[in-house]
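Residues per chain are reported as follows:
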Amino acid sequence: MTSRLLQRSLGSPDYDGIRQALRNDTSTPVISARGLEVRVAVLPLFTHDGRQAVRVSSTQPLTHVLVGVDSASGTDVTLLVPEVDAPRTLTLECRDDAGVVGSAQVTVTPQRKWSVFVVHHSHLDIGYTDPQGTVLRHHLDYLDAAVRLAEETASWPDDAKFRWTVESSMPALKWLDARPAGQVESFAALARAGVIEVTALPFQLHTEACSTEELYRQLRFTGRLQDRYGFATRSAMHTDVPGAVVGLVDALNASGVRYLAAAHNWAGRSVPYLHGGDKLTRPFRWRAPSGNELLVWFTDTPHGMAYMEGNTVGLTDSYELADDLLPRYLSALATRGYPYGPGTFGWQGPDAPREPYELDVLHLRVQGAHADNAGPSIVPASIARRWNETWAWPRLRSAVNSDFFEHVEERYHDRLAVHEGDWTDWWADGLGSGARPLGYVRRAQSALRVAETLHTIAGTDATDQIDAAYDKVALFNEHTWGAANPWEDAEEAGDSGGLQWTRKSSGAYQAQDDASDLLHAATRRFAAALSSPDPESADAEGADLPGADAEGVVLAAFAVFNPGTRARTDVVRAFLPRDVVAVDVPIALVDARTGETVPHHEEYVDPDDWPTRPIGRHVQAVVPDVPGFGYARLDVVRGPGQAPEPVEPDLDGVIENEFYRVAYDVREGHISSIFDKSAGRELVNGDAAAGFGQYVYDRYATAPHFNHLSGHVGAHDRTLLGDRAVARNATIVRALRTAVGEKLVVELHGKGVDWLRTTIELHRGVPRLDLTYQLAKQGTPAKEAVFLAFPFATGPATAWELTGGVGGPGVPRVPGSAEYMLPIRHWIAFEDPELTVAWATLEAPLVQLGTIHMPYAPFPPTLDQEDGTVYSWALNNIWDTNFPAQQQGETTFRYAVTSAAGVKGSRLGAAAASGLTEPFVGALVTGGPGATETYASVDHPDVLITSIGRVDGEQVVRLQSLAAEPVTATVTVPGRDPVEVRLPACGVAVVGGKRA
């Protein structure tokens, strides 16, 4: 999204201003006389005959003489001196027609002999500059041009040949499927020869929005390219987005990728150099807890225009401009912490201390024009050809991405710094700008794992459909969430905000629909498979319970499937159609394992109220000890009478079960107490700035509809916090006590919403508090944020779930990572010697710990620090480009809280999240399946089974470890020998199939 950054009206210079700053910063004024100025720069330019360059510029044409060495006339000249290996002082005389204007001593110093790998690519924004379909068609056209240019320059010197890196593989995959065989073979031949490189990521992802399985699936095409076309995928590019999850290291390694070129864009207020980024030397080795590594090159923000770095120094314009600027840029890299000073790219803060770049090799991205989604150009290769004919050093190589890494790995690998852990993304705050579709996507991620598992158990290979649904999920997680000017609603170009967001958000809704369809079908297939048991099976019990009387006749049954790893007691919600059991027939539920009656609650779907929906009963029951990745059968039998009606207790705001007593403060609009009965301990910090579960609304004083404004705004205090309000004075609209548990529903009015509804639930026998927030968001272009506060009476958080890892206060992170917020997967744990508390979220991944920060750099806090408080950053509108300009409509956020003594935080966190992300599935069965069955289990408490699926037609079990150290686990699948598997720290494994 760089093309619109350079606008004088927003306080940043344009390209001419940046380039002039580079000229000034890399030259020294040596003469000032007669109203003119002369500046000198000693640059890393070497001729083929062993001389090096001194650039002299003057405000008027002069004759510049290095006495006894060289001379030239003009305003900008290059003087050549014999190469030096130690400083040498020469006399510079500058003359006009009247004689010597002035003279100065010039010290010529040894210079590096650089190798510059010019990597030509197009940054793929699927949208932003045009509607999505238009952009993708253009990128296919670019590949046509890339093949032509590669063939046209085949006879050029090797370093100058046109080479093209496909930054995001999706266009290449589409192109290979859409072009004639002859063109496809030409492309493949160029790829095999290293002239074209297809990199690993299908598009540029908000990786923190991805699930771990999603990341791996998005790299599955790499094997196809190798098998079908004969070329390997050796590297990846991560462009625009300033950060990536630690799980990306393992996912890329699993696909054979060891190199990553990252280019961070400052546009989203990202200031890594204020948070340790000055310690992040480049290139570096990025190591995951598993021990896997990527060799990483990154272009951070003050270093230049991110992926426009090569464009900034003229490599897409002309040889003359590159000849002027590139040597200056190299000189600045070698002598300064950052080539450009504060303010050049919007941020007005101080320069961070940093050592100059130490290597003599550079990865320099270039695009065919000064814009995102720019096509290929012959200009960079033409410049490289003329350059290398003119200069011996620096040596320019028109390169593909992996060329640079192979060069560095061979020469410098062991001396490179190693950095570990998560590289927290500065742009993750933008995820809150599309809270409703993001919630749908996160639900889809969970549903797809369950759907694949049930399809596989039922004997169906749904891999293609599951992959296709994951692809839709990932397309929403692609980093372009809107047009350059998202508030506009044109039909083309960067003002097509309405069209772009309509397509983007509809993709999220379609992904969730596809996931729901797949789960719906999987549940029916699973039920059908169970309804036809092996007649020789010892577990087949027939249609009736043993010894049942007339009241106990089995009318139907549910196989209650637990898609979580561990056995647990939880609530199941299932539908009993009236054509299976008439609604006037009283029923009871019996646990087929024990013969015990399971209390249940019924909700009748009245055809007068819902004539457009299936008629029958929604049945709720708490089923004890359902095995992980297994089921327990509940038999529906004729009961002695209709299920009891729910009781409406006094509206005093208190509900409880065996584990917790929860009190709601109606006047203040929040939960005042969560008392853990087992621990005898209050979980709520009653002295916190905001109440537990309280709605907090912030409005900022920055203006809307100014492209990239937020990247130019600094906030050192609360001045830009225009308003803060909380929702108070609630009304209890419903209180229910049923055979399953207790529920409290309250409604409030708050700023920014038409209404706000909170549902608080405790289920009998379930050690977990469930919270659901539904709000009717008012659309506004004003800059705003919604937080839900969760102040726990604990110390600081000790662990939280990341994509592909577990974070925590002592867990390493890549220097320069965002610190004021966390994009988590689902859970946060607080662990002390007496009690562990876990909090989980389903739809909303963004959190701030201990306080609420201003959303503008350098992100100062607005509240005193409270170590035990989680602020769920449910939604926001703080971006001025790329993300939607406003959001509205009914939006749901779900949370869970649990506590236990002596339980490791990550284990309890996973258990808390399981109730949200892995709810029990009730499959209506006929016939006589066994009372219970387990399809897969793992014996290590820190290892999770994420799904059961198929790889190359063979059933596999996918595992993920939460342990900070390598572990050995045994996986048991009925009918197979147990398999012992070694998992690296926070690593994944697949048992069975070719990858076992």
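Presented here is a report on the structure given in the accompanying data block. (Residues numbered from 1 in each chain as written. Predicted model: local features only at pLDDT ≥ 70, side-chain atom pairs only at ≥ 80, totals over all residues. Heavy atoms only, no water.)

What about the overall build of the chain?
This is how it is decided: Helix and strand definitions here come from DSSP, where helices need a minimum of 4 consecutive H or I residues and strands a minimum of 2 consecutive E residues; each element is numbered from the N-terminal end. Radius of gyration: C-alpha atoms only; globule rule: 2.2 Å multiplied by the number of residues to the exponent 0.38. Between buried and exposed lies partly exposed: a residue is buried under 20% and exposed over 50% of the maximum accessible area for its type, with that area taken using a 1.4 Å probe on protein chains only. Whether two residues are in contact is decided by their heavy atoms, any of which lying within 4.5 Å being enough. In this count, Lys and Arg are taken as positive residues and Asp and Glu as negative ones, while His and the chain termini are left out. By convention, the point assigned to a charge is CZ for Arg, NZ for Lys, CD for Glu and CG for Asp.
Check the secondary structure of the chain and you find 15 helices and 50 strands. Taking 30 Å as the expected radius of gyration for a compact globule of 996 residues, we find that the chain reaches 32 Å, a close match to that expectation. Here the C-alpha coordinates of the chain stretch approximately 120 × 65 × 55 Å along the principal axes. Looking at the 996 residues of the chain, the share that counts as buried comes to 63%. For the chain, long-range pairs separated by at least 24 residues make up 73% of all intrachain contacts whose partners lie at least 6 apart in sequence. Here the chain contributes 86 positive and 126 negative side-chain charges, whose respective centroids are spaced 4 Å apart.

Here we look at the sheet that holds strand β47 (residues 954–961)
Hydrogen bonds between backbone atoms are what pair the strands of a sheet, whose relative direction is either parallel or antiparallel. Threshold: Strand pairing is assigned whenever DSSP identifies at least 2 bridges connecting the two strands. Axis angles are defined between N-to-C directions and span 0 to 180 degrees, where every axis is a line fitted to C-alpha atoms and, for a helix, only to the segment in contact.
What the three strands build is an open sheet, ordered β46-β47-β50; its pairing is antiparallel. Two strands bound the open sheet, and with one partner strand each, they are β46 (943–951) and β50 (988–991). Looking at each pair of strands side by side, their axes are set apart by 25° on average, direction ignored. Alignment of β47 against β50, held across four bridges, turns out to be antiparallel. For Arg958, the partnering residue across the bridge sits in β50 and is Val990. Against the sheet, helix α12 (residues 435–457) contacts β46 and β47, and its axis sits at roughly 55° relative to β46.

Some remarks on the nonpolar core
Stated formally: In this text, buried Ala, Val, Leu, Ile, Met, Phe, Trp, Tyr and Cys residues form a nonpolar core when linked through side-chain atoms within 4.5 Å.
Ranked by internal contacts, the top residues of the largest apolar core, which has 84 residues, are Phe526, Phe561 and Leu959. Among all residues touching Phe561, those that are not within four sequence positions of it are Thr453, Leu454, Ile457, Phe526, Phe629, Gly630, Tyr631, Phe920, Val921 and Tyr935. Within the second largest apolar cluster, 49 residues are counted, among which are Tyr697, Tyr773, Val786 and Phe790.

Topic: unusual backbone geometry
Here the residue pair Arg282 and Pro283 is connected by a cis peptide bond, since its omega of -10° sits within 30 degrees of zero. Locating Pro283 in the fold gives a position in the loop between β11 (259–264) and β12 (284–287). Cis geometry marks the peptide bond from Ala857 to Pro858, where omega comes out at 5°. With respect to the element layout, Pro858 can be found in the loop between β40 (846–849) and β41 (869–877). Within the chain, Asn373 stands out as a residue other than glycine whose phi angle is a positive 55°. On the secondary structure map, Asn373 appears in the loop between β14 (361–366) and α10 (379–390). Residue classification places Asn373 among the buried positions, given a relative accessible area of 7%.

Some details on the environment of Leu736
Looking at the element boundaries, Leu736 is found in strand β30 (residues 731–737). Relative accessible area serves as the criterion here: at 8%, Leu736 is assigned to the buried category. Once the C-alpha coordinates of Leu736 and Ile655 are considered, the two residues, 81 residues apart in sequence, prove to be 9.0 Å apart. Look past the residues within four positions of Leu736 in its chain and what remains in contact with it is Pro646, Val647, Glu648, Pro649, Gly741, Glu742 and Lys743.

Some words on the pairing of strand β33 (residues 769–777)
Look at any regular strand and the pattern is simple: side chains alternate between the two faces of the sheet. Among the nine residues that make up β33, nine are buried, leaving the element largely enclosed by the rest of the structure. Bridge analysis of strand β32 (residues 753–763) against β33 gives eight bridges, and the strand direction is antiparallel. Residue pairing for β33: Leu762 is matched across the bridge by Leu769. Connecting β32 to the antiparallel partner β33 that follows it, the hairpin turn spans five residues, and Gly765 within it adopts a positive phi of roughly 85°.

A look at α10
Quick note on the threshold: The span expected for a helix works out to 1.5 Å for each residue beyond the first. As used here, the arc belongs to the directions running from the helix axis to the C-beta atoms.
Here α10 is twelve residues long and its end C-alpha atoms lie 16 Å apart, about the 16 Å a rise of 1.5 Å per residue gives. Restricting attention to buried positions, one finds in α10 the residues Pro380, Ala381, Ile383, Ala384, Trp387 and Asn388. The buried residues of α10 occupy an angular sector of 155° when projected down its axis, which confines them to one face. At its buried positions, α10 is contacted by β2 (36–46), β7 (115–120), α9 (319–335), β14 and β15 (395–399).

Quick notes on the state of the cysteines
Selection rule: In what follows, a disulfide is any cysteine sulfur pair within 2.5 Å.
Taken as a whole and assessed by the stated rule, the structure comprises zero disulfides. No disulfide involves Cys210; its sulfur sits 18 Å from that of Cys986, the nearest cysteine. Residue classification places Cys210 among the buried positions, given a relative accessible area of 1%.

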